Amino acid sequence: MAAYNQGAGYMDSPSAGGVDSPHKTRVAGAASTPLVPATIKQLQTATQAHDDVFRVDERDIAMVTLVGVIESANEQSASATYMLNDSTGSIEVRIWLDGDESPEAASRRREVNRAGAYVRVAGHLRSFMGKRSVVACSVQPLTDYNELTYHLLEVVYVHLHALHQYGGQPGAQYGQQIGVPARWQEGQPVTADHTALILQILAHGNSQQNGTSFDELMSQLAEYGGLPSEEVRSNLQSLIVEGGVYTTCDDNHFKGAQSAQ
């Protein structure tokens, strides 16, 4: 996962699992602009300082990156418009098309950026007549669905970093702040979303000699709505097999393969 730098946003580094970091993307004229991972709910609830200046977690945001599924796609002569959903909300994404795009390239773009496809979007948040949208400079299809988990980990990390920087504390309201999907709080079976949260909790416990105990993990998960213990144990076992988590002093203490940056 890309490492976060307080002054300049994300620094290039290989993503886990062999997925190239999406934050290596270079945008003309914006090489030094931090690319902030976010959920759609964060963008919809961001405070607007003035004009097109928005604030999330008490900080101005310029460029953001989202990961979600395209609900609908429409194309005009000069632009393509997508309705993107990431389980926290929906937002319109517009990208201006290359006037020199060949018919073959246009056909490939329509094939991959279609309704039902998962994509990563990088762009600027805008507001017009009270409606918020994203003007994108990049809409790329996901080639590895682990990127969904990695994106959520990045969102969680950046949010917790901001809470620490400004003296806040994560608590029961945390899920509402970043837009945790409602199913997280309904005791549903563990999914990639839950996996991201479990990995994040374990990563923050790596500084402890024996890592995080199962009871500690369950206690922290309870702050986000809680999960059935059998589902958590099943998910931990899968993560151990995959190499993302390992046991320490006994079978009830765990560390993540990656530590929080």
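Quantities reported herein were computed from a predicted structural model and do not represent experimental measurements.

Rules and cut-offs
Residues numbered from 1 in each chain as written. Predicted model: local features only at pLDDT ≥ 70, side-chain atom pairs only at ≥ 80, totals over all residues. Heavy atoms only, no water. Helix = DSSP H or I, 4+ residues; strand = E, 2+ residues; numbered from the N terminus. Buried < 20%, exposed > 50% of the residue type's maximum accessible area, 1.4 Å probe, protein only. Polar contact = N/O pair within 3.5 Å; in protein donor to acceptor, adjacent residues only side chain to side chain. Contact = heavy atoms within 4.5 Å. Salt bridge = Lys/Arg side-chain N within 4 Å of Asp/Glu carboxyl O. Phe/Tyr/Trp six-rings, centres within 6.5 Å; stacked < 30°, edge-to-face > 60°. Lys NZ or Arg CZ within 6 Å of the ring centre and 35° of its normal. Pairing = 2+ DSSP bridges.

S.K.: Is there a simple way to think about the side chain of Thr 81 in this case?
M.R.: Along the chain, the position of Thr 81 falls in strand E8 (residues 79-85). Judged by its relative accessible area of 10%, Thr 81 is buried. Reaching out from Thr 81, the side chain makes a polar contact with the side chain of Arg 94 at a distance of 3.4 Å. Those residues in contact with Thr 81, other than ones at most four positions away along the chain, are Ser 72, Ala 73, Asn 74, Gln 76, Glu 92, Val 93 and Arg 94.

S.K.: What should I look at first to understand the pattern of salt bridges in this one?
M.R.: Side-chain pairs of opposite charge can arise where the charged atoms are in close proximity. Under the definition given, this model contains six salt bridges. Among the salt bridges present, the one from Arg 55 reaches Asp 60, with a minimum N-O distance of 2.7 Å. Classification of Arg 55 by relative accessible area gives partly exposed; the value is 28%. Ionic pairing is found between Glu 75 and Arg 110, a salt bridge with its closest N-O pair at 3.0 Å. Highlighted residues: Glu 75 in strand E7 (residues 63-75) and Arg 110 in helix H2 (residues 103-112), separated in sequence by 35 residues. Connected through shared salt-bridge partners, Glu 75, Glu 101, Arg 109 and Arg 110 make up one network.

S.K.: Could you clarify how one ought to interpret the packing of aromatic side chains in this entry?
M.R.: Two aromatic rings are characterised by how far apart their centres lie and by the angle between their planes. Under the criterion given, the structure shown has zero aromatic pairs. For Arg 233, the ring lying beneath its charged end belongs to Phe 214, and the centroid distance is 3.7 Å.

S.K.: What am I meant to see in the pairing of strand E5 (residues 53-56) here?
M.R.: Across the two faces of E5 the burial differs, with Phe 54 and Val 56 buried and Val 53 and Arg 55 not buried at all. With three bridges connecting them, strand E4 (residues 47-50) and E5 associate as antiparallel partners. Residue pairing in the sheet places His 50 in a bridge with Val 53 of E5. Joining the antiparallel neighbours E4 and E5 is a turn of two residues, in which Asp 51 adopts a positive phi near 45°. For E5 and strand E6 (residues 59-61), the ladder comprises three bridges, and the chain directions are antiparallel.

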